[in-house]
Every structure is written in C-alpha cells, then in structure tokens.
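Next come the chains, spelled out residue by residue.
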Amino acid sequence: MVVLPQPVTLDNHISLIPTYKPVPVLTSHSIPVVNLTDPEAKTRIVKACEEFGFFKVANHGVRPELMTRLEQEAIGFFALPQSLKNRAGPPEPYGYGNKRIGPNGDVGWIEYILLNANPQLSSPKTSAVFRQTPQIFREAVEEYMKEIKEVSYKVLEMVAEELGIEPRDTLSKMLRDEKSDSCLRLNHYPAAEEEAEKMVKVGFGEHTDPQIISVLRSNNTAGLQICVKDGSWVAVPPDHSSFFINVGDALQVMTNGRFKSVKHRVLADTRRSRISMIYFGGPPLSEKIAPLPCLVPEQDDWLYKEFTWSQYKSSAYKSKLGDYRLGVFEKQPLLTHKTIV
C-alpha cells in the first residue's frame, strides 16, 4: 500500500467537523459482489441496485498499474506545500478544496481535487490543478478516466439489458455524449487522532450522489459506510483492486424508484490516511431526466416530475450535503375527495 510520506495538517474549521462513534461491520449485510465476466452479471447488478443501490465489481478489466499510478500521483499532489495546493483552489466547483464541502457550510476531515472528466468542456480550475503537477499527473488522470468510463458504460448497458430498456445504450449514451457533465474526484482523508470517548472525525458526511452512476476505488484504508434499508450503517471493507458502484439520484428517477440512490459517508481512520478516486457519470446539462417510458408507460404512475440535469444540479448545489434533494422533484399524490352524507 502506498502511504503519504508525511502527515498533512488540515487546520481550518477543525472544531466544526462532526464526529461519530465507529460502526462495526454488520455481518448480517454482505456487500454484493459482481464479477463482470459472469454470465449472470446483469441479473446480479440489477438485484444489487434494487436492494442496496451499491455493489462491488471484480474482473472489471481496468489495468491495476493505472489505479496504482493515479493513486501515487494523487499522493504526490496532496504532499505539496499548502501554498502550492491553494493555487488550484478554491473549487468552483472544480479545483482544490480543503475541509469545506460545497458552499453551504458542510465541512469534513478531507482535502480533495475535483476535475472535469470531459475534455470537450474547459475548466480553468482543472487546468490550475494540472499546472501544479508534472505532466505525468495529467497523463495518469486521462488514462484512468478512459478505462473507468468503459466500466461505467458496461455496467449501464448490462442494466439496460436486464430491465429490457431499448436501445441498449439508452443510459450509457448520456455518459458517452461529448457534452456529458461528468467529473473525477480525488479525495485525501488524513489519519485523524481519536477523539474523546473513542469518537472519530467525519471525513465526508452522509449524502447521496446526484449523477447517474458513481465508480469508486480507494486504497486499503477503511472508512466508507453505506446506509441500508433498515436505516443502519454498514462499514464497507476496503479493496484496492476492485471498484464500488453507487446508484445516483438521476438513475433512481429514471427507474421510478426501483433503484435506490445509496446514502453513504466516510469516517476518518485514526491510523492510516485514505485515498479515494471517484468517477461521477453525469448526463449533458440539457438532458431531460424522468422515469423511462419503457419502464413506466403511464405518466400518472411516475413518482417524479421531469427535470433537466442542469435544473437538478443547480438545486443540489444550493442544498446541504445531507438533504434529501429529490424531495422537491417528487410528484404529490392526487387527493381524492369523499362526499360526506
């Protein structure tokens, strides 16, 4: 495992960072694992999306050296002097961020880089990050994104096949689109001292991902937790060789709630730093998001109003991290009036 060569001090707003008691791994909930080469993979994926909104992917086809290389380059960036890292921030939303998560007061024991994953769309702050790093960093990002996108396309096309969505690329083409609003996030959670009464710092507070799909890879440091149907939190054992897939809010809407956008969070480890790399696959800003007609033919059965990705992204950006962002886009049930005689 690659580790940071020295501790990184995150000294802004430390007193505001929330803490939790550590959650044990609940053996009653095993994280679904899908082997993408398994003939039954598409069935297993849909079942996992329905029950958890989350699953682990093995035999994904991404070269291990690409994952290791990007992790090493990310570590190199986060080990830079703070003054150099600050030149790539503050995030708008792309760029370097430290402790602050979004514009609405959320904080965590984290520093991060958010990069535009679409080369067709320019981002000054993405360029600023690349200016603070050697050329090999940009090459590592681009090679990694090329292969991780293929994983996301394959997963979405398997979903479409299993659900009977035609054409097969209905979902994946939104990510393939040259105007796809996708991004890559590199997170660094420094090792944190244990708080009083064995409380631990929150690295990234509970939330759902707004996009269609998220593909996560991390080093072998624990910290990721997901919320399951009964409301309990389950610690996800780390695995640096695999990916973890999250259902996003947009996919929940397109399946009319059949798939659930998984609520998740990260707690800082008290012994080791955690590095994670997440690809967020989003549609073009003008894309209309609504329950797919092939799954829900009658609009009266829709649980959500139609909206564009731009509208949802704007709404999400104005919310707190833990807010239920889909609430304002849910259709209100029709009230039936009974005559009293």
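Further up the page is the structure itself.
Computed from a predicted model, the values in this text were never measured in an experiment. (Residues numbered from 1 in each chain as written. Predicted model: local features only at pLDDT ≥ 70, side-chain atom pairs only at ≥ 80, totals over all residues. Heavy atoms only, no water.)

## Details of the overall build of the protein
What counts, and what does not: Secondary structure elements are taken from DSSP: a helix is a run of H or I of four residues or more, a strand is a run of E of two residues or more, and numbering for both begins at the N terminus. Each residue is assigned to one of three classes by its accessible area relative to the maximum for its type, calculated with a 1.4 Å probe on protein chains only: buried under 20%, partly exposed between the two thresholds, exposed over 50%. Residues count as neighbours in contact if any of their non-hydrogen atoms are within 4.5 Å of one another. In this description, accessible areas are obtained by the Shrake-Rupley approach with a 1.4 Å probe, and a residue is regarded as covered only by the protein chains that are shown.
Each helix and strand in the protein was counted, giving 8 helices and 15 strands. Across the 341 residues that make up the protein, the buried fraction comes to 53%. Contacts spanning at least 24 positions in sequence make up 76% of the contacts within the protein whose residues lie at least 6 apart. Accessible area for the protein stands at about 16200 Å²; split by element, carbon and sulfur atoms hold 52% of it.

## Some words on the sheet that holds strand β7 (residues 200-207)
Two orientations exist for strands paired in a sheet by backbone hydrogen bonds: parallel and antiparallel. Just so we agree on the cut-off: One requirement defines pairing of two strands: DSSP has to find at least two bridges between them.
Strands sit in the order β1-β7-β12-β9-β10 across an open sheet of 5 strands; the sheet is antiparallel. The sheet is open, and its two edges are formed by β1 (19-20) and β10 (233-235), each paired on a single side. Relative to β10, strand β9 (residues 224-227) runs antiparallel, the two being bridged by 3 bridges. Bridge pairing links I226 to V234 in β10.

## A short note on the pattern of salt bridges
How we decide: Any carboxyl oxygen of Asp or Glu within 4 Å of a side-chain nitrogen of Lys or Arg constitutes a salt bridge here.
Per the stated rule, a full pass over the model turns up 20 salt bridges. Residue R63 pairs with E143 through a salt bridge whose shortest N-O separation is 3.8 Å. Within this pair, whereas R63 is found in the loop between β3 (54-58) and α2 (64-78), its partner E143 is found in helix α5 (residues 135-163), the two being separated by 80 residues in sequence. Since its relative accessible area comes to 32%, E143 is described here as partly exposed. As a salt-bridge pair, K85 and E111 come within 2.9 Å of each other at their nearest N and O atoms. Residue K85 is located in helix α3 (residues 82-86), and its partner E111 is located in strand β5 (residues 107-116); the two are separated by 26 residues in the primary sequence. Here K85 matches E111 in class, with each residue buried. When salt bridges that share partners are traced, they join K42, E157, E161, R168 and R176 into one network.

## Looking at the packing of aromatic side chains
The condition is simple: Here a pair means two rings of Phe, Tyr or Trp (six-membered ring of Trp) with centres within 6.5 Å. Their orientation is stacked below 30 degrees between planes, edge-to-face above 60, and tilted elsewhere. Each ring is checked for a lysine NZ or an arginine CZ that lies within 6 Å of its centre and within 35 degrees of its normal; such an atom marks a charge sitting over the ring.
Enumeration according to the criterion identifies 10 aromatic pairs in this entry. Summarising the aromatic geometry, the rings of Y312 and F329 are spaced 5.3 Å apart at their centres and angled 65° between planes, so their arrangement reads as edge-to-face. One end of the pair, Y312, is in helix α8 (residues 309-317); the other, F329, is in the segment after α8, and 17 residues separate them in sequence. Look at Y312 and you get buried, because its relative accessible area is 1%. The ring of W109 carries the charged tip of K201 above its face, separated from the ring centre by 4.9 Å. In this arrangement the basic side chain of R265 is found over the ring face of W233, its NZ or CZ atom lying 4.0 Å from the centre.

## Quick look at the layout of surface pockets
Applicable threshold: Using protein atoms alone on a 1 Å grid, points that fit a 1.4 Å probe yet trap it form a cavity, whereas open point sets bounded by protein on both sides within 12 Å along at least five of seven lines form a pocket; residues with an atom within 4 Å of a point count as lining. Grid points are joined across faces, edges and corners, and a volume is the space filled by probe spheres set on the points. Note on residue categories: nonpolar means Ala, Val, Leu, Ile, Met, Phe, Trp, Tyr, Cys or Pro, charged means Asp, Glu, Lys or Arg, and polar means any other residue, Gly included.
Put simply, the largest pocket is a space of about 920 Å³. Residue lining of the largest pocket: 41 residues in total, with I101, L114, R185, F204 and P210 positioned closest to the centre. Elements supplying a minimum of two residues to the lining of the largest pocket: β5, β6 (183-189), β7, β12 (264-267), β13 (274-281) and α8. Looking at the lining of the largest pocket residue by residue, the classes come out as 20 nonpolar, 11 polar and 10 charged.

## Details of the sheet that holds strand β2 (residues 33-35)
Here is the rule: Lines fitted to C-alpha atoms define the axes here, with helix axes fitted over just the stretch in contact, and angles between the N-to-C directions of these axes take values from 0 to 180 degrees.
In space, the 8 strands of this open sheet follow the order β2-β3-β11-β8-β13-β6-β5-β4, with mixed pairing throughout. Looking at which strands have only one partner, the edges of the open sheet turn out to be β2 and β4 (95-100). The sheet shows a mean angle of 25° between the axes of neighbouring strands, taken without regard to direction. Taken together, the 3 bridges between β2 and β3 define a ladder with parallel strand orientation. Considered in β3, the bridge of V34 is made with V57. Relative to β5, helix α4 (residues 124-131) is tilted by about 100°, and along the sheet it contacts β4 and β5.

## Let's talk about the side chain of N219
Counted only if it meets this: For this analysis, a polar contact is any N or O atom pair within 3.5 Å, provided that within protein one partner can donate a hydrogen and the other can accept it, and provided that sequence-adjacent residues contribute only side-chain to side-chain pairs.
Note that N219 resides in the loop between β8 (213-218) and β9. With relative accessibility at 2%, the residue N219 sits in the buried group. A polar contact is formed between the side chain of N219 and the backbone oxygen of S273, at a distance of 3.3 Å.

## A few points about the environment of Y96
Locating Y96 in the fold gives a position in strand β4. Considering only alpha carbons, one finds Y96 and V129, 33 residues apart in sequence, at a separation of 7.2 Å. Those residues in contact with Y96, other than ones at most four positions away along the chain, are F77, F78, Q82, K85, N86, A88, G89, P90, P91, E111, Y112 and V129. A polar contact of 3.0 Å, which involves the side chain of Y96, links it to the side chain of Q82. Here E111 takes part through its side chain, which lies 2.5 Å from a polar atom of the side chain of Y96.

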